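Architecture at a glance
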Amino acid sequence: MDIYPFSDDPSLQAEIRARLALGQLAILPTDTLYGLSGNALDENLIRRILMLKGRSAPISIIPHSRVWAKNLVHSRCHSRFDDVLEQTIGPFTTLWPHAGDEILLPMPLHQGGLVGMRFPRG
C-alpha cells in the first residue's frame, strides 16, 4: 500500500488510477483526512478495507461523479439529491436509500439498504 500526497502531476495521477483499477489499495488525501481508497466496485477490496478497519458495517464512498452517485440512490430520492448535495459538499457523509441493484455497488457498501457518500471540497 502506498501513500500519495496531493499532486497535479498527470503521470502520478495516471499511475494511481492504474493501480486502483488493478484492485490495489492506496491511502489518499481528502478535504479533511487521509483515507483508504480503492475501487468501490471491487467486492474483494471492499472486504479487505473492512477487515483493515476492523469493521463489519458499511463504509462510505467518494463517488467519481454526481451522475454515478445519483444512480446509486433509490429513485424516490432523486428529486432531493442535487439540493442536498449542494449543502453537504465538504466534510459530510450523507446516507441514502440504495437503488437495490447489486450490479451498481457490492453488498458490503449498502448493507442495511443505505449507502454513505461524501463529496470532498476540491
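Here the structure is shown first, and the text comes after it.
Residues numbered from 1 in each chain as written. Predicted model: local features only at pLDDT ≥ 70, side-chain atom pairs only at ≥ 80, totals over all residues. Heavy atoms only, no water.

Let us now look at helix H2 (residues 43-53). Of the residues making up H2, those classed as buried are Leu45, Ile46, Ile49 and Leu50. The buried residues of H2 occupy one face: seen down the axis, they fall within an arc of 145 degrees. More than 90 degrees from the buried face of H2, the exposed residues found are Asn44 and Met51. The N-terminus of H2 is capped by aspartate 42, whose side-chain oxygen sits 3.1 Å from the backbone nitrogen of asparagine 44. Glycine 54 sits one or two residues past H2 and shows a positive phi near 70 degrees. (Buried < 20%, exposed > 50% of the residue type's maximum accessible area, 1.4 Å probe, protein only. Helix = DSSP H or I, 4+ residues; strand = E, 2+ residues; numbered from the N terminus. Arc of directions from axis to C-beta. Polar contact = N/O pair within 3.5 Å; in protein donor to acceptor, adjacent residues only side chain to side chain.)

This next bit is on the pairing of strand S3 (residues 34-37). Examined bridge by bridge, strand S2 (residues 26-29) and S3 share four bridges and lie antiparallel to one another. By the bridge assignment, isoleucine 27 is partnered in S3 with leucine 36. Linking S2 to S3, which pair antiparallel, is a turn of four residues. (Pairing = 2+ DSSP bridges.)

Attention now goes to the nonpolar core. Counting 22 residues, the largest nonpolar core has Ile61, Phe81, Trp96, Leu105, Leu109 and Met117 as the members making the most contacts within it. Of all the secondary-structure elements, those providing two or more residues to this core are H2, helix H3 (66-72), helix H4 (78-88) and strand S5 (114-118). The dominant element in this core, judged by the number of residues it contributes, is H2, at four residues. Other than its neighbours up to four places away in sequence, tryptophan 96 contacts Val73, Cys77, Arg80, Phe81, Val84, Gly113, Leu114, Val115 and Met117. (Core = buried A, V, L, I, M, F, W, Y, C linked by side-chain atoms within 4.5 Å. Contact = heavy atoms within 4.5 Å.)

Once that is clear, we can look at a nonpolar patch on the surface. On the surface, Leu36, Met51 and Leu52 cluster together into a nonpolar patch covering about 290 Å² of accessible area. Within the fold, leucine 36 resides in strand S3. The class for leucine 36 is partly exposed, based on a relative accessible area of 30%. (Patch = residues over 30% accessible without salt bridge, like charges linked within 9 Å, V, L, I, M, F, W, Y side chains within 5 Å. Areas by Shrake-Rupley, 256 points an atom, 1.4 Å probe, with all protein chains shown as cover. Salt bridge = Lys/Arg side-chain N within 4 Å of Asp/Glu carboxyl O.)

The subject of this paragraph is the environment of arginine 76. By the element assignment, arginine 76 lies in the loop between H3 and H4. Separated by 19 residues in the primary sequence, arginine 76 and leucine 95 have C-alpha atoms spaced 14 Å apart.

Under the definition given, this model contains one aromatic pair. Ring geometry for phenylalanine 81 and tryptophan 96: centres 4.9 Å apart, planes at 50 degrees, overall tilted. With a gap of 15 residues between them, phenylalanine 81 in helix H4 and tryptophan 96 in strand S4 (residues 93-97) connect regions that are remote in the sequence. (Phe/Tyr/Trp six-rings, centres within 6.5 Å; stacked < 30°, edge-to-face > 60°.)

So, on to the pattern of salt bridges. Taken as a whole and judged by the stated rule, the model has four salt bridges. In this structure, glutamate 15 and arginine 19 form a salt bridge, with 3.2 Å as the shortest nitrogen-oxygen distance. Highlighted residues: glutamate 15 and arginine 19, both in helix H1 (residues 10-21), separated by four residues, approximately one helical turn. Classification of glutamate 15 as partly exposed rests on a relative accessible area of 35%. Across the pair glutamate 43 and arginine 47 runs a salt bridge whose closest N-O atoms are separated by 2.6 Å. With glutamate 43 and arginine 47 both in helix H2, this residue pair falls four residues apart, about one helical turn. Accessibility expressed as a relative area gives 31% for glutamate 43, which makes it partly exposed.

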